[in-house]
Amino acid sequence: MKVLLLENIHPVAVEVLEARGFEVELLAGSLGEDELIERLAGVSLLGIRSNTNVTARVLDAAPDLLAVGCFCIGTNQVDLKAAAARGVAVFNAPYSNTRSVVELVIGEIIALARRLHEKSEKMHAGVWDKSAKGSHEVRGRTLGIVGYGNIGTQLSNLAEALGMRVIFFDTADRLAHGNAQRMKTLEELLEKADVVSLHVDGRPGNAGLFGAEQFARMKPRSLFINAARGMVVDTEALREHIVSGHIAGAALDVFPIEPKAQGDAFESPLRGLENVILTPHVGGSTQEAQEEIGFFVAGKLAGFALEGRTELSVNLPAVNAPALQEGHRIGYLHVNVPGVLASVNQLLAGAGANITGQYLATAGEQGYVVTDATEALSDDALAKLAGDEHCLWVRTWSAGA
Ligand SMILES: NC(=O)c1ccc[n+]([C@@H]2O[C@H](COP(=O)([O-])OP(=O)(O)OC[C@H]3O[C@@H](n4cnc5c(N)ncnc54)[C@H](O)[C@@H]3O)[C@@H](O)[C@H]2O)c1
């Protein structure tokens, strides 16, 4: 099977795919719609980052395409619904840069507590200002984590290793790591924390979660960090609380409006404030994260193409079937209407299939059934499955093939 990887995807992806028998072509840049269509002839798997758009037109013109791997976090560049309707699976790497974000935040907590940024700027301006004023150790200080998911929990562990006390607030039930303490309300957390760090997700309800009221609740001279989503914070309100001295410092990696292209001007009410660290949405941008993304997404593409696994697909029903160690597997993707499973099983029984495992899931307009059997299904039975009006595709795999 042929794989086309665009946009300088990490070479580890090529290694993973070649080791599993794929023929891989790696291109440095992205491709426009027409060129992409041309290059997709005979290609089974496509790997992109954020600059290649996979539109319904591209999908229609690529009958051989089985799956698209987004070697990044976002998947807006792919028409997910159109891909699902055509049975094309889309994968991404939502958690491969978790550690990178956590390390940036840990660095920022110390940098803000020691006012490093301000001191370094003065030194560059030729000013020797040796003073302990406003500088603190982080040991024994309380870190308040809002949003205790993948990033929040890893941050919790590293902050405790630094000797910080950790408290957290999450709207979902989350198990406390180490000695971290759950707060019943956001207000309780804001009143107790010396450093507040936001790690909530981008659900619409989180827009404007942090405004004047929340900043006013924070302890005087506390620190604020947002490496989650720009829309969560009212930057004007943050500015006012920094200028008044109520907030002693802040680090922001994400903004309500971010420049679209490299080199575009960045506008924000937070520019020019003392002890405020601004970074251009680079929390997850490290070489290590790129490598992890390459490894992760390549594995997902191979698992789908060679074993029919859709675990963590962003657009098809996620079926986490085990590795195919022996026997044969039939993957059946269908339109999600009642009664399909019963008719599939009737057909399989009629064909004398000895089923050893069956895994299924539905999501939105599609349903997916993976059936493992001791014997391969006959061509006649497969043709019957494929001929069903609700079938999007039927594929088979054999162990060791
Ligand atoms: N700066 C970067 O480069 C960068 C990189 C990766 C991720 N992120 C962002 O970091 C954030 C966290 O990522 P993650 O992988 O940990 O996500 P996650 O989904 O694992 O965790 C988010 C947590 O926030 C909780 N939550 C949602 N709304 C809440 C609210 N209003 N109050 C309290 N808790 C709330 C959820 O229940 C969940 O536990 C996301 O917004 C993600 O987009 C930023």
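Quantities reported herein were computed from a predicted structural model and do not represent experimental measurements.

Definitions and limits used
- Residues numbered from 1 in each chain as written.
- Predicted model: local features only at pLDDT ≥ 70, side-chain atom pairs only at ≥ 80, totals over all residues.
- Heavy atoms only, no water.
- Near = heavy atom within 4 Å.
- Polar contact = N/O pair within 3.5 Å; in protein donor to acceptor, adjacent residues only side chain to side chain.
- Areas by Shrake-Rupley, 256 points an atom, 1.4 Å probe, with all protein chains shown as cover.
- Nonpolar A, V, L, I, M, F, W, Y, C, P; charged D, E, K, R; others polar.
- Core = buried A, V, L, I, M, F, W, Y, C linked by side-chain atoms within 4.5 Å.
- Buried < 20%, exposed > 50% of the residue type's maximum accessible area, 1.4 Å probe, protein only.
- Helix = DSSP H or I, 4+ residues; strand = E, 2+ residues; numbered from the N terminus.
- Contact = heavy atoms within 4.5 Å.
- Phe/Tyr/Trp six-rings, centres within 6.5 Å; stacked < 30°, edge-to-face > 60°.
- Lys NZ or Arg CZ within 6 Å of the ring centre and 35° of its normal.
- Pairing = 2+ DSSP bridges.
- Axes fitted to C-alpha atoms, helices over the stretch in contact; angles between N-to-C directions.
- Right-handed = clockwise from strand over helix to strand, strands pointing away.
- Patch = residues over 30% accessible without salt bridge, like charges linked within 9 Å, V, L, I, M, F, W, Y side chains within 5 Å.
- Salt bridge = Lys/Arg side-chain N within 4 Å of Asp/Glu carboxyl O.
- Lys, Arg positive; Asp, Glu negative; His and termini not counted.
- Charge placed at Lys NZ, Arg CZ, Asp CG, Glu CD.

**Focus on the site of the ligand**
And step 1. The full set close to the ligand counts 27 residues, and D170, R174, V200, N206 and R229 are the nearest of them.
And step 2. Between the ligand and the protein, one listed contact pairs a nitrogen atom with a backbone N or O atom of A227 at 3.1 Å.
And step 3. Calculation on the ligand without its partners gives an accessible area of 860 Å², and the protein chains cover 89% of this total.
And step 4. Split into classes, the residues belonging to the shell around the ligand amount to eleven nonpolar, ten polar and six charged.

**Description of the nonpolar core**
And step 1. Formed by 34 residues in total, the largest nonpolar core has its most connected members in L5, L17, F22, L45, F71 and F304.
And step 2. Contributions of two or more residues to this core are made by β1 (2–5), α1 (11–19), β5 (89–91), α11 (287–307), β15 (366–373) and β16 (391–398).
And step 3. Residue contacts for F304: discarding those within four places in its chain leaves L66, A67, A89, F91, R309, T310, L316, W393, R395 and W397.

**So, unusual backbone geometry**
And step 1. Backbone geometry at R115 places phi at a positive 50°, although glycine is not the residue there.
And step 2. Among the secondary structure elements, R115 is positioned in the loop between α5 (98–113) and α6 (116–124).
And step 3. You can call R115 buried: its relative accessible area is 11%.

**Quick notes on the packing of aromatic side chains**
And step 1. According to the stated counting rule, one finds eight aromatic pairs in the structure shown.
And step 2. Ring centres of F210 and F215 lie 5.5 Å apart, and the angle between their planes is 70°; on these two criteria the pair is classed as edge-to-face.
And step 3. We classify F210 as buried; its relative accessible area is 0%.
And step 4. Accessibility expressed as a relative area gives 0% for F215, which makes it buried.
And step 5. With a centroid separation of 5.0 Å and 80° between ring planes, the pair formed by F215 and F224 is classed as edge-to-face. Across the pair, F224 and F215 agree in class, each one buried.
And step 6. Three or more aromatic residues joined by ring pairs make a cluster, and in this case those are F91, F304, Y368 and W393.
And step 7. For K300, the ring lying beneath its charged end belongs to F296, and the centroid distance is 4.8 Å.

**Quick notes on the sheet that holds strand β6 (residues 142–146)**
And step 1. Spatial ordering of the open sheet is given by β8-β7-β6-β9-β10-β11-β12, a layout of seven strands whose pairing is parallel. Each edge of the open sheet carries a strand with a single partner, namely β8 (181–182) and β12 (276–278).
And step 2. Here β6 pairs with strand β9 (residues 195–198) via four bridges, running parallel. Pairing of G144 across the sheet is with V196, part of β9.
And step 3. Packed onto the sheet, α5 meets β6, β9, β10 (222–226), β11 (247–252) and β12 and runs at close to 150° relative to β10.

**As for the pairing of β10**
And step 1. Burial within β10 is extensive, with five of its five residues counted as buried.
And step 2. The alternating pattern of β10 places S222, F224 and N226 on one face and L223 and I225 on the opposite face, and all of these are buried.
And step 3. As defined by bridge partners, β9 adjoins β10 across four bridges and the pair is classed as parallel. Following the sheet pairing, V195 is matched in β10 by L223.
And step 4. At this point the chain moves from β9, through helix α9 (residues 212–217), to the parallel β10, and the crossover so formed is right-handed.
And step 5. Relative to β11, β10 runs parallel, the two being bridged by five bridges. For S222, the partnering residue across the bridge sits in β11 and is I247.
And step 6. Traced from β10 through helix α10 (residues 235–243) to β11, the parallel crossover comes out right-handed.

**So, a negative patch on the surface**
And step 1. On the surface, a cluster of negative charge is made up of E15, E18, E288, E291 and E292.
And step 2. A per-element tally of the negative patch places α11 first, with three residues.
And step 3. The residue E288 is located in helix α11 in this model.

**Details of the sheet that holds strand β13 (residues 328–335)**
And step 1. The strand order β14-β15-β13-β16 describes an open sheet built from four strands, whose pairing is antiparallel. At either margin of the open sheet sits one strand with a lone partner, and together these are β14 (355–363) and β16. For this sheet, the mean inter-axis angle between neighbouring strands, taken without regard to orientation, is 10°.
And step 2. Alignment of β14 against β15, held across eight bridges, turns out to be antiparallel. Bridged to I355 within β15 is A373.
And step 3. In this fold helix α12 (residues 340–350) packs onto β13, β14 and β15, with an angle of close to 160° to the strand it touches most, β14.
And step 4. Against the sheet, helix α13 (residues 379–387) touches β13 and β16, its axis set at about 150° to β16.

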